[in-house]
Amino acid sequence: MPTVLAILAEGFEEIEAVTPIDLLRRAGADVTVAALGETIHVTGGRATLTLHADTTLAAVELNNFDAIFLPGGPGTKNLRADPRVRAIALRHHAAGRLVTAICAAPTVLHDGGLLANRRYTAHPSVGNELTDILADERVVLDGQLLTSRGAGTALDFGLRLVELLFSPEKSREVAGSICA
């Protein structure tokens, strides 16, 4: 069963976090939701959801996962400010594991130098910083880096994660079960 680390920072975009996590769990992935802060309670950027993470990042930061998932939203600034997040992404990338980010979260990958000479997409709001965004692409895979544009692409992004970690058939099965 594939393992995924989803890192939630205060201010995460709710749809971008919940949709891929839910799809991965429906597929059978072992998803560990880790709160960036000191408690397991993390409130989204719209303050419409407070999620109870499985653990804190401090408890699992040295563990290895098949994939790392970074939701975006206003909380991206908190992901960028914590050097552990960049270190985890760099370590997993160096090991050939899947590193994924949606919305503004590809800026974390940029900070670590992972987007240099790579194809990627991100939310248009970070276009001044990530000047090579493939603006017309909803989801972009380049090697072991998967990026997506934002809340409106979270379903596509989550199903692509299922495809990469399991198979195209599993992705179609999960999509069919939710009438996608």
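Refer to the structure printed above.
Not measured: the values here are computed from a predicted model.

Caption draft 1: Local environment of the pairing of strand β8 (residues 139-142). For β8 and strand β9 (residues 145-148), the ladder comprises 4 bridges, and the chain directions are antiparallel. Within β9, the residue paired with Val-139 across the bridge is Ser-148. Linking two consecutive strands that pair antiparallel, namely β8 and β9, is a turn of 2 residues; a positive phi of about 65° is found at Gly-143 within it.

Caption draft 2: Expanded view of helix α1 (residues 14-27). Here α1 spans 20 Å end to end across 14 residues, near enough to the 20 Å set by a 1.5 Å rise per residue. Within α1, the full set of buried residues consists of Glu-14, Glu-16, Ala-17, Pro-20, Ile-21, Leu-23, Leu-24 and Ala-27. As for α1, its buried residues are in contact with β1 (3-8), β2 (30-35), β6 (67-70), β7 (98-102), α6 (154-165) and α7 (168-177). Where α1 begins, the capping side chain belongs to Glu-13, and its oxygen is found 3.1 Å from the backbone nitrogen of Ile-15. Once α1 finishes, Gly-28 follows within two positions and takes phi at roughly 110°, a positive value.

Caption draft 3: Structural context of the nonpolar core. Counting 58 residues, the largest nonpolar core has Leu-5, Ile-7, Leu-57, Leu-70 and Leu-109 as the members making the most contacts within it. Considering each element in turn, this core owes the most residues, 6 residues, to α6. Sequence-distant contacts of Leu-5, that is, excluding residues within four places in its chain, are made with Thr-32, Ala-34, Leu-57, Val-60, Phe-65, Ala-67, Ile-68, Phe-69 and Ile-88.

Caption draft 4: Local environment of the side chain of Thr-100. Looking at the secondary structure, you find Thr-100 in strand β7. Classification of Thr-100 as buried rests on a relative accessible area of 0%. The residues contacting Thr-100, other than those within four sequence positions of it, are Ile-68, Phe-69, Leu-70, Leu-146, Phe-157 and Leu-161.

Caption draft 5: Quick look at the pattern of salt bridges. Under the definition given, this model contains 12 salt bridges. In this structure, Glu-13 engages Arg-46 in a salt bridge whose closest nitrogen and oxygen atoms are separated by 3.4 Å. Of this pair, Glu-13 sits in the loop between β1 and α1 while Arg-46 sits in the loop between β3 (41-43) and β4 (50-52); the two residues are 33 residues apart in sequence, bridging distant segments of the chain. For Glu-13, a relative accessible area of 7% gives the class buried. A relative accessible area of 56% means that Arg-46 is categorised as exposed. Notably, a salt bridge pairs Asp-111 with Arg-80, separated by 2.7 Å at the nearest N-O pair.

Caption draft 6: Region of the structure containing the pairing of β1. Among the 6 residues that make up β1, 5 are buried, leaving the element largely enclosed by the rest of the structure. Taken together, the 6 bridges between β1 and β2 define a ladder with parallel strand orientation. Opposite Leu-5, over in β2, you have Thr-32 as the bridge partner. Regarding the hand of the β-α-β motif, the stretch spanning β1, α1 and β2 is right-handed.

Caption draft 7: Spatial organisation of the environment of Thr-3. Positionally, Thr-3 belongs in strand β1. For Thr-3, a relative accessible area of 22% translates into the label partly exposed. Here Thr-3 is in contact with Asp-30, Asn-64, Phe-65, Asp-66 and Ala-67, once residues within four sequence places are set aside.

Caption draft 8: Representation of the packing of α1 against α6. Packing of α1 against α6 brings their axes to within 8 Å, and their N-to-C directions diverge by 35°. Handedness of the α1/α6 crossing: right-handed. Contacts between α1 and α6 involve Ile-15, Glu-16, Thr-19, Pro-20, Leu-23, Leu-24 and Ala-27 from the former and Ala-154, Leu-155, Phe-157, Gly-158, Leu-159, Leu-161, Val-162 and Leu-165 from the latter. Broken down by class, the residue content of the contact of α1 with α6 amounts to 12 nonpolar, 2 polar and 1 charged.

Cut-offs and rules
- Residues numbered from 1 in each chain as written.
- Predicted model: local features only at pLDDT ≥ 70, side-chain atom pairs only at ≥ 80, totals over all residues.
- Heavy atoms only, no water.
- Pairing = 2+ DSSP bridges.
- Helix = DSSP H or I, 4+ residues; strand = E, 2+ residues; numbered from the N terminus.
- Expected span 1.5 Å × (residues − 1).
- Buried < 20%, exposed > 50% of the residue type's maximum accessible area, 1.4 Å probe, protein only.
- Contact = heavy atoms within 4.5 Å.
- Polar contact = N/O pair within 3.5 Å; in protein donor to acceptor, adjacent residues only side chain to side chain.
- Core = buried A, V, L, I, M, F, W, Y, C linked by side-chain atoms within 4.5 Å.
- Salt bridge = Lys/Arg side-chain N within 4 Å of Asp/Glu carboxyl O.
- Right-handed = clockwise from strand over helix to strand, strands pointing away.
- Axes fitted to C-alpha atoms, helices over the stretch in contact; angles between N-to-C directions.
- Left-handed = near helix turned anticlockwise from the far one by under 90°.
- Nonpolar A, V, L, I, M, F, W, Y, C, P; charged D, E, K, R; others polar.

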